[in-house]
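# Reading the structure
One-letter residues, chain by chain:
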Amino acid sequence: MRLNYSLEACAALFEAEVIGSSSESITHVYFDSRKIQQAKGALFFALTGHSRSGNEFIEDAYRQGIRLFVIAKNSGAKFQSDALYFQVEDPLIALQKLATHHRKQFTYPVVAITGSVGKTTFKEWIFHCISDKFKVVRSPKSFNSQLGVALSLLEMHEHASIAFIEAGISKPGEMNLLQNMIQPDYGIFTAFGKAHRENFAHNEEHLLEKWVLFRECRLAFIPHTFADLENRLPGNFQVCPPYENHRFPSGYSGMLGVLKTFLTFLQFELKEIEERIDSLPTLALRMEVFEGINGNTIINDTYNLDLDALSEALIHQRQLAPDKKRIVVIGLSEKHAHERLEIEKLIASFNPDEFHFIPEGKSIPWENFHNSVVLVKAHRDRAFEYEVARGKALKHRTIVEVNLSAIKHNVSFYQSRLPKEVKILAMVKASSYGSGADKVASFLQQNGIRNFGVAFADEGVELRKAGIGISSSIVVMNPDPEHSDLIIEYRLEPAIYSFEQLDEFITALIHRNISGYPIHLKFDTGMHRLGFAPGDKERVLAIINSQPEVQIQGIYSHLADADNPIHSEFTKKQLATFDSIVSYFRANSSDSFLAHILNSEGSLRYPEYCYDLIRLGISMYGYTENKELKASLQPSVYWYSSISQIKAVPKGDFIGYGCSYEALDDLTIAVIPVGYADGFRRSLSNGAGSVFIHGIKCPVVGRVCMDMIMVDISSVNAKINDPVEIIGQNQPMDVFAKAMDTIPYEVMTGLSKRMHRVYVEE
Ligand SMILES: *Cc1c(COP(=O)(O)O)cnc(C)c1O
């Protein structure tokens, strides 16, 4: 808004009684104290009836620096000595007078848009089509009421060349007032919604009432559906033939026809018109459509709840949900309680599957909605934004998707291959190989897994907190002596690999007066990582037999190269060594412990060495080096992002840090919000790595940044926000790992925590 009115001019216009003085002049107006941005030059209209606490608004506005007010006589407002007050009968009428006066300052065409549906859509369409050739003023949002039209007109300025003003009415007689304010040169009638028609007994009367807006127009454009009224409407108008566009349902042909005729009138060429109509946005901008929880689609239209907008939204919902369940949610405000019957009637005429009025203080029952298209409409003052947000699926551009069903499949596959008595210990160390320990472990527990392995004590604590109860065993493979207290407190089971450690843990138990605590013994059978030497076994057993504080729950070792047949001789030696250790303890200890040595790969290669359980890691997540096995497993980890920006890079320009990439041709590139801080390593720079967009390989151009990459999309027809696959169908985990010169384990555990994990279960 860029007004320039003196206080004197306003006083005369409003026929106001002026209290106080000021030297400011007026550049813009407010009527809602929550929306104040710039106090200087602002005139605040304290509208009556708009808020129960109008005077509170005045005080609030004053606190924010506003010094010019229009208030109702006898408002009871407190006058401040450094402010100026215009006292009038009705502040809204004063605002309308200002708008009427303002509109008269301009001679460029003013086009009024009315109709019972489609006003905002049409206004946005026309803006889309002509804004490169005309300087357009248009009503903000769907401002079309007595107040909205006044505010829209105040947006007019000297640099514009055409104005589009929406006009809507809710009571008889209102159109006359709007016509007076707008004084349109041209008129556009969008449509007269069928559903709406049924709700007005005298629909011709209603139409004629709207027609008042056009009584002084030079020309009004009406859709072909009103051809039958031709002889009964006064004034100059043109009936517009329908126009079909494949992107719109046939119900839009009337409005599209009006648009086409109007563009012709503005002297656009036919070809140009067709192109522009072809590129129209298909949704009214005001209506937001997004993915909700539980597979819902949400149409959020909580901006207002007039019948026009409601029927438009209901039409839209029906289009979005030809074969889905339709749910309508209405947030009626107390002030509008009297409209309930009419709203109900209108909604009923659309036959939705469910229909909820949400009383003040109550919440939308999102948890009961599934796989439906949910339309949420509410009065502005219900402030439904939060309510809607609760139903919204959290969307982050870059996500790691974990398919729990695939994990379940892989576990079942192993169970089917192993002897029945062999248990599975699920390795969920390093946050379940990067896929999120608490979610994955809980899911496995639900599916009958009772043994879990983690690397460090804190990972075990996390699992207990996530609900892995003490009926499940959690082995800590790499316990830190400082964490003994934590281990005992959360009933975790330490893997003991040295005499010092054994001594320290027993001491901790003595201090707490605990006996019979389960521990695991780890032996080094040739890998030369952690573990007692095989020759330590007698001494270990002697200590344990003399210390009632501990009992052996497990004895294990780890293979260095289970998956490689070349080293099978070495592996067999490891297995034989382990076998002799197990035999020794079986013969000399009274504890009944679980023995285990095999990991994912080893368990299928050496099934005769499964002992009591296998420790399942990478294969559980669906990855293996073994070609035959690969066909039986399902990958569980996917990595997706979407395009942040697209740009053209002319031949000869450089891309990214260090100017390391020169465009040898004109390129189109996309920026993707994923970088080395997420695990997309810097070594993938300049063509070493790629992503897939619409199934097409797009190589990285320039260097990988911390949070972003640029990729060449010259051969893809892509738009902003289009999905990007980093790991998925086209670029499987092992292929991506190879590009980084590493293995799936490292890729998975390198996926940064800051990316959202999304869990899917089919
Ligand atoms: C990680 C780990 C496993 C699991 O190995 P995978 O190759 O992922 O199956 C098994 N045992 C120990 C001791 C481990 O640290």
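Residues numbered from 1 in each chain as written. Predicted model: local features only at pLDDT ≥ 70, side-chain atom pairs only at ≥ 80, totals over all residues. Heavy atoms only, no water.

What follows is about the site of the ligand. Close to the ligand lie Met-427, Lys-429, Tyr-433, Arg-529, His-558, Asn-599, Ser-600, Arg-615, Gly-617, Ile-618 and Tyr-745. Interatomic distance of 3.4 Å between a side-chain N/O atom of His-558 and a nitrogen atom of the ligand. Arg-615 is positioned such that a nitrogen or oxygen atom in its side chain is 2.7 Å from a nitrogen atom of the ligand. The fraction of the free accessible surface of the ligand (390 Å²) that becomes covered by protein chains is 92%. Its residues assigned to classes, the shell around the ligand shows 4 nonpolar, 4 polar and 3 charged. (Near = heavy atom within 4 Å. Polar contact = N/O pair within 3.5 Å; in protein donor to acceptor, adjacent residues only side chain to side chain. Areas by Shrake-Rupley, 256 points an atom, 1.4 Å probe, with all protein chains shown as cover. Nonpolar A, V, L, I, M, F, W, Y, C, P; charged D, E, K, R; others polar.)

What follows deals with helix H1 (residues 7-14). Among all positions in H1, only Leu-7, Cys-10, Ala-11 and Phe-14 are buried. The buried residues of H1 occupy one face: seen down the axis, they fall within an arc of 100 degrees. Within H1, the exposed residues directed more than 90 degrees away from the buried face are Glu-8 and Ala-12. Contacts made by the buried residues of H1 are with strand S1 (17-19), strand S3 (42-45), strand S4 (68-72), strand S5 (84-88) and helix H3 (91-103). Looking one or two residues past H1, Glu-15 carries a phi angle of roughly 50 degrees, positive in sign. (Buried < 20%, exposed > 50% of the residue type's maximum accessible area, 1.4 Å probe, protein only. Helix = DSSP H or I, 4+ residues; strand = E, 2+ residues; numbered from the N terminus. Arc of directions from axis to C-beta. Contact = heavy atoms within 4.5 Å.)

Where strands meet in a sheet, backbone hydrogen bonds hold them as pairs that are either parallel or antiparallel. Reading across from one edge, S7-S8-S6-S9-S10-S11 is the order of the 6 strands in this open sheet, with parallel pairing throughout. Of all the strands in the sheet, just strand S7 (136-138) and strand S11 (237-240) have a single pairing partner and so form its edges. Across the sheet, the mean angle from the axis of one strand to that of its neighbour is 20 degrees, orientation sign disregarded. Relative to S11, strand S10 (residues 219-223) runs parallel, the two sharing 4 bridges. Opposite Phe-221, over in S11, you have Gln-238 as the bridge partner. Most of the contacts of helix H9 (residues 253-265) go to S10, to which it runs at about 150 degrees, and overall it touches strand S6 (110-114), strand S8 (162-166), strand S9 (186-189), S10 and S11. (Pairing = 2+ DSSP bridges. Axes fitted to C-alpha atoms, helices over the stretch in contact; angles between N-to-C directions.)

What follows is about the pattern of salt bridges. What the rule picks out here adds up to 26 salt bridges. A salt bridge links Glu-272 to Lys-133, with the nearest nitrogen and oxygen atoms 2.8 Å apart. Linking Glu-272 in helix H10 (residues 270-278) with Lys-133 in the loop between helix H4 (119-130) and S7, this pair joins segments that are 139 residues apart in sequence. Taking the relative accessible area as the measure of exposure, Glu-272 reaches 19% and is therefore buried. Taking relative accessible area as the criterion, Lys-133 reaches 49% and is therefore assigned partly exposed. (Salt bridge = Lys/Arg side-chain N within 4 Å of Asp/Glu carboxyl O.)

So, on to the nonpolar core. Grouped burial of nonpolar side chains is what soluble globular proteins tend to show. Counting 105 residues, the largest nonpolar core has Leu-521 and Phe-680 as its most contacted members. Of the residues forming this core, the biggest block, 6 residues, is contributed by helix H19 (residues 499-512). Two domains each put at least three residues into this core: domain 4 (402-630) and domain 5 (637-761). One finds Cys-10, Leu-98, Phe-143 and Leu-147 within the second-largest nonpolar core, a separate group that totals 56 residues. (Core = buried A, V, L, I, M, F, W, Y, C linked by side-chain atoms within 4.5 Å. Domains from an automatic or database assignment.)

Turning next to the sheet that holds strand S30 (residues 667-672). Across the sheet, 3 strands lie side by side as S27-S30-S33; this open sheet has antiparallel pairing. Whereas interior strands pair on both sides, the edge strands pair on one side only; in this sheet they are strand S27 (645-649) and strand S33 (709-712). Strand-to-strand twist in this sheet, taken as the mean axis angle between neighbours without regard to direction, amounts to 30 degrees. In the sheet, S27 pairs with S30 via 5 bridges, with the strands oriented antiparallel. What sits directly across from Ala-648, in S30, is Thr-668.

Time to look at the packing of aromatic side chains. Aromatic ring pairs are reported here in terms of the distance separating the ring centres and the angle at which the planes meet. Throughout the structure, instances matching the rule amount to 34 aromatic pairs. Arranged with centres 5.5 Å apart and planes meeting at 40 degrees, the rings of Phe-106 and Tyr-108 form a pair that is tilted. Assessed through its relative accessible area of 13%, Phe-106 is described here as buried. A ring pair is formed by Phe-585 and Phe-593, whose centres lie 6.4 Å apart and whose planes are at 85 degrees; its orientation type is edge-to-face. (Phe/Tyr/Trp six-rings, centres within 6.5 Å; stacked < 30°, edge-to-face > 60°.)

Before going further, it helps to examine the environment of Glu-124. Its location among the elements puts Glu-124 in helix H4. Given a relative accessible area of 9%, Glu-124 falls into the buried group.

Under the counting rule described, the total for this entry stands at 0 disulfides. The thiol of Cys-217 is unpaired, and the distance to the nearest cysteine sulfur, on Cys-240, comes to 13 Å. According to the relative accessible area criterion, Cys-217 is buried, its value standing at 9%. (Disulfide = S-S within 2.5 Å.)

On domain assignment, one finds that the protein chain holds domain 1 (7-97), domain 2 (106-278), domain 3 (287-394), domain 4 (402-630) and domain 5 (637-761). Look at where the C-alpha atoms of domain 3 and domain 5 centre, and you get two points 38 Å apart.

Attention now goes to the pairing of S10. Here S10 lies mainly inside the structure; 5 of its 5 residues are buried. A two-sided burial pattern is seen for S10, the buried positions comprising Leu-219, Phe-221 and Pro-223 on one face and Ala-220 and Ile-222 on the other. Where S9 and S10 come together, 3 bridges link them in parallel fashion. Residue pairing for S10: Gly-187 is matched across the bridge by Ala-220.

The next point concerns the environment of Val-671. As for its placement among the helices and strands, Val-671 is situated in strand S30. The class of Val-671 is buried, set by a relative accessible area of 9%. Considering only alpha carbons, one finds Val-671 and Leu-346, 325 residues apart in sequence, at a separation of 46 Å. Each residue touching Val-671, except ones within four places of it in the same chain, is listed here: Ser-642, Ile-643, Ser-644, Gln-645, Met-708, Ile-709 and Met-710.

Following the sequence through the fold, Ser-600 ends up in helix H22 (residues 600-605). At a separation of 3.2 Å, a polar atom in the side chain of Ser-600 contacts the main-chain amide nitrogen of Ser-619. Apart from residues lying up to four places away in sequence, Ser-600 is in contact with Tyr-414, Arg-615, Leu-616, Gly-617, Ile-618 and Ser-619.

Let us now look at helix H17 (residues 457-465). Among all positions in H17, only Ala-457, Glu-459, Gly-460, Val-461, Leu-463 and Arg-464 are buried. Check the buried side of H17 and you find it contacts helix H15 (429-433), helix H16 (437-446), strand S19 (451-454), strand S20 (473-476) and helix H18 (484-489). Two residues or fewer after H17 comes Gly-467, characterised by a positive phi angle close to 105 degrees.

Moving on, we come to the pairing of S33. Both faces of S33 are covered, namely the face carrying Ile-709 and Val-711 and the face carrying Met-710 and Asp-712. For S30 and S33, the ladder comprises 4 bridges, and the chain directions are antiparallel. In the sheet register, Val-671 faces S33, and the bridge partner there is Met-710.

Turning our attention to the packing of helix H5 (residues 146-153) against helix H6 (residues 174-182). Interaxial distance between H5 and H6 falls to 10 Å at its minimum, and their mutual angle equals 5 degrees. Considering their axes alone, H5 and H6 lie roughly parallel with respect to each other. Together, Gln-146, Val-149, Ala-150 and Leu-153 of H5 and Glu-174, Leu-177, Leu-178, Met-181 and Ile-182 of H6 make up the contact between the two elements. Residues of the contact of H5 with H6, tallied by class, amount to 7 nonpolar, 1 polar and 1 charged. (Parallel < 35°, antiparallel > 145°, perpendicular 65-115°, else oblique.)

A word on unusual backbone geometry. Even without being a glycine, Gln-267 presents a positive backbone phi close to 70 degrees. Of note, Gln-267 is situated in the loop between H9 and H10. On the accessibility criterion, Gln-267 (70% relative accessible area) is exposed. In this structure, Ser-431 is a non-glycine residue whose phi angle is positive, near 55 degrees. Considering the arrangement of structural elements, one finds Ser-431 in helix H15. Classification of Ser-431 by relative accessible area gives buried; the value is 17%.

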